[in-house]
Amino acid sequence: MNYHEIQTRSLLRKYKKIDSWFISKFGMNLYRGCEHNCVYCDGRNEKYRVSGTFAKDIDVKVNAVEVLKQELNLNRRQKCYQNGFMMIGGGVGDSYQPVEKEYQLTRKVLTFLESIRLPVHILTKSTLVERDSDILHQINERSKAAISFSFSSTNDAISSIFEPNVPPPSERLQTITKLKQEGFSCGMFLLPVIPFITDTAAAMNETIKDAIKAGVDYIIFGGMTLKPGKQKSFFYEMINHHFSELLPSYEMIYNADKWGNASKTYYHSINQTFHHIMKHYSVPKRIPAALFNDIVSENDRIALILEQLHSLLQMQGKRSPYGFASYQISQLDQNISTMKNNLQSIKGIGKVTERIILEILETKTSTYYEKMLVS
């Protein structure tokens, strides 16, 4: 393994609007490249410009904390307080991959974020996050901390093939149970499911049951992308080695989409399967408003709930007017409560959406939204 210490010029990435999956406007990668070496990881794709061999050459942003302090100066920090969670993880390197044991960049960043009372959302595949439970407890008490774990399934044997350097799912589930017992909000990101291997009804049902038994607060689902180039080539090499009979099936659903998307028919099928299974369990399919109401602004709260409604309806194969309305609200320069007598002047907002918005302004949630989360 080659660790390359680098000086980064910037750390925070700011999203154009608050992200409804992670409830965040800000994210960061402390490492580039990932020792976990997950076969399906799109971090290998050329657009991310990860130098060297993705799973062997790891860039370590040794000045990350200093840069973060500069970027979160007083004025910007004040703006961050109601921008949801500071997102740590994902992208081009897990913040709790093995290199973290040596450099402890994640722990140092958490210590700083705790000192300025910013809420944190961690997405990881690693049980190493337990090491930092002391700091995370302080964050959770003063602002809020959410911890999510990524899975493609809860089958240890399959994980050993597709996630070779990751703690097995059984250990991740045990960590979820432990963290839940300590009072943290925890969830599962069941993504990506691996086509024809972990996306079957039986495999998904088993994974979902395991997650619920562990005590998750939410299960977020998604399919796999295979971007042309290094990612797709690497994945196909592994499939050819372990499941060569499946290659023709992959070639049928992944046919040169530049974003790496599978066919709409395939995504619709697995979304329907997930939705059908989840109808039997009262677990939210997105991070629920109860977990983010006090860390987002009024406008962002409404935009998030509408965007989540949009995604939940799409999962069922239904049309939705809420995505466009959500975006329009996210771009407003004034508090939407000052417009509550004239909401339909905003593009994309009709009578039904107006009723939902007025209910959110009054109660911080929507009965329709709460129903859709678990139905």
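Residues numbered from 1 in each chain as written. Predicted model: local features only at pLDDT ≥ 70, side-chain atom pairs only at ≥ 80, totals over all residues. Heavy atoms only, no water.

Visitor: Help me understand the overall build of the protein chain in this model?
Guide: In terms of regular secondary structure, the protein chain is built from 15 helices and 10 strands. By the compact-globule yardstick of 21 Å for 375 residues, the protein chain fits well, its C-alpha radius of gyration being 21 Å. Its C-alpha atoms put the protein chain at 60 × 45 × 40 Å along the principal axes. When contacts within the protein chain are restricted to residue pairs at least 6 apart in sequence, long-range pairs at least 24 apart make up 76% of them. Here the protein chain carries 46 positive and 38 negative side-chain charges, and the mean point of each set is 7 Å from the other. (Helix = DSSP H or I, 4+ residues; strand = E, 2+ residues; numbered from the N terminus. Rg over C-alpha atoms; globule rule 2.2 N^0.38 Å. Contact = heavy atoms within 4.5 Å. Lys, Arg positive; Asp, Glu negative; His and termini not counted. Charge placed at Lys NZ, Arg CZ, Asp CG, Glu CD.)

Visitor: Would you mind going over the pattern of salt bridges with me for this structure?
Guide: For side chains of opposite charge, pairing can occur when their charged atoms come near one another. Scanning the model with the defined rule gives 11 salt bridges in all. Lys-178 serves as the salt-bridge partner of Glu-130, at 3.1 Å between the closest nitrogen and oxygen. Pair noted here: Glu-130 is in the loop between β7 (120-124) and α5 (133-142) and Lys-178 is in helix α7 (residues 169-181), with a separation of 48 residues, a long-range link. Glu-130 gets classed as partly exposed once you look at its relative accessible area, which sits at 26%. With a shortest N-O distance of 3.2 Å, Asp-294 and Lys-144 are connected by a salt bridge. Separated by 150 residues along the polypeptide, Asp-294 in the loop between α11 (264-278) and α12 (298-315) and Lys-144 in the loop between α5 and β8 (145-151) bring together distant segments of the chain. For Asp-294, a relative accessible area of 51% gives the class exposed. Because the salt bridges share partners, they merge into one network encompassing Glu-100, Arg-107, Arg-131, Asp-132 and Asp-134. (Salt bridge = Lys/Arg side-chain N within 4 Å of Asp/Glu carboxyl O. Buried < 20%, exposed > 50% of the residue type's maximum accessible area, 1.4 Å probe, protein only.)

Visitor: Looking at this model, I keep getting lost on the sheet that holds β7. Mind explaining?
Guide: Whenever strands of a sheet pair, they do so through backbone hydrogen bonds, lying parallel or antiparallel. Here 7 strands make up an open sheet; going across it, the order is β2-β3-β6-β7-β8-β9-β10 and the pairing mixed. One side of each edge strand has no neighbouring strand; the edge strands of this open sheet are β2 (12-19) and β10 (218-221). Pairs of neighbouring strands in the sheet enclose a mean axial angle of 25 degrees, with direction left out of account. Two elements, strand β9 (residues 185-190) and β10, share 4 bridges in a ladder whose sense is parallel. (Pairing = 2+ DSSP bridges. Axes fitted to C-alpha atoms, helices over the stretch in contact; angles between N-to-C directions.)

Visitor: What should I look at first to understand the environment of Asn-342 in this one?
Guide: Mapping Asn-342 onto the fold places it in the loop between α13 (322-330) and α14 (351-363). Once the C-alpha coordinates of Asn-342 and Glu-354 are considered, the two residues, 12 residues apart in sequence, prove to be 9.3 Å apart.

Visitor: Explain the nonpolar core here, please?
Guide: Among soluble globular proteins, nonpolar side chains are generally buried collectively. Core analysis: the biggest nonpolar cluster contains 84 residues, and Leu-113, Phe-162, Ile-219, Phe-235 and Tyr-250 have the highest contact counts within it. When residues of this core are assigned to their parent elements, the largest contribution, 6 residues, is made by α11. Aside from chain neighbours lying at most four places away, what touches Phe-162 is Asn-37, Cys-38, Val-39, Tyr-40, Ile-194, Ile-197, Phe-235, Ile-239 and Phe-243. Of all hydrophobic cores here, the second largest spans 38 residues; its members include Leu-291, Ile-295, Leu-306 and Leu-373. (Core = buried A, V, L, I, M, F, W, Y, C linked by side-chain atoms within 4.5 Å.)

Visitor: Would you mind going over the packing of aromatic side chains with me for this structure?
Guide: Ring pairs (aromatic) are described by centroid distance and by the angle formed between their planes. Evaluated as defined, the whole model comprises 11 aromatic pairs. Centre to centre, the rings of Tyr-3 and Tyr-103 are 6.2 Å apart; their planes meet at 75 degrees, and the pair counts as edge-to-face. Taken together, the residues span a long stretch of sequence, with Tyr-3 in strand β1 (residues 2-6) and Tyr-103 in helix α3 (residues 99-103) at a distance of 100 residues. Note on Tyr-3: relative accessible area 27%, which makes it partly exposed. Residue Tyr-103 is classed as buried on the basis of its relative accessible area, which comes to 15%. Taking the centre distance of 6.2 Å and the plane angle of 50 degrees together, the rings of Phe-196 and Tyr-266 count as tilted. (Phe/Tyr/Trp six-rings, centres within 6.5 Å; stacked < 30°, edge-to-face > 60°.)

Visitor: What should I look at first to understand the side chain of Lys-25 in this one?
Guide: Structurally, the position occupied by Lys-25 is in strand β3 (residues 24-28). You can call Lys-25 buried: its relative accessible area is 16%. Within polar-contact distance, the side chain of Lys-25 engages the side chain of Asn-83 at 3.3 Å. (Polar contact = N/O pair within 3.5 Å; in protein donor to acceptor, adjacent residues only side chain to side chain.)

Visitor: What is the right way to look at the packing of α12 against α13 in this model?
Guide: Between two packed helices, both the angle of their axes relative to each other and the distance between the axes serve to describe the pair. Between α12 and α13, whose axes approach to 8 Å, the crossing angle comes to 160 degrees. In this view, α12 runs roughly antiparallel relative to α13, as classed from their interaxial angle. The two elements α12 and α13 meet at a crossing, and its hand is left-handed. Here Asn-299, Ile-302, Ala-303, Leu-306, Glu-307, Leu-309, His-310 and Leu-313 of α12 come into contact with α13, specifically with Tyr-322, Gly-323, Ala-325, Ser-326, Ile-329 and Ser-330. Taken together, the residues of the contact of α12 with α13 break down into 8 nonpolar, 5 polar and 1 charged. (Parallel < 35°, antiparallel > 145°, perpendicular 65-115°, else oblique. Left-handed = near helix turned anticlockwise from the far one by under 90°. Nonpolar A, V, L, I, M, F, W, Y, C, P; charged D, E, K, R; others polar.)

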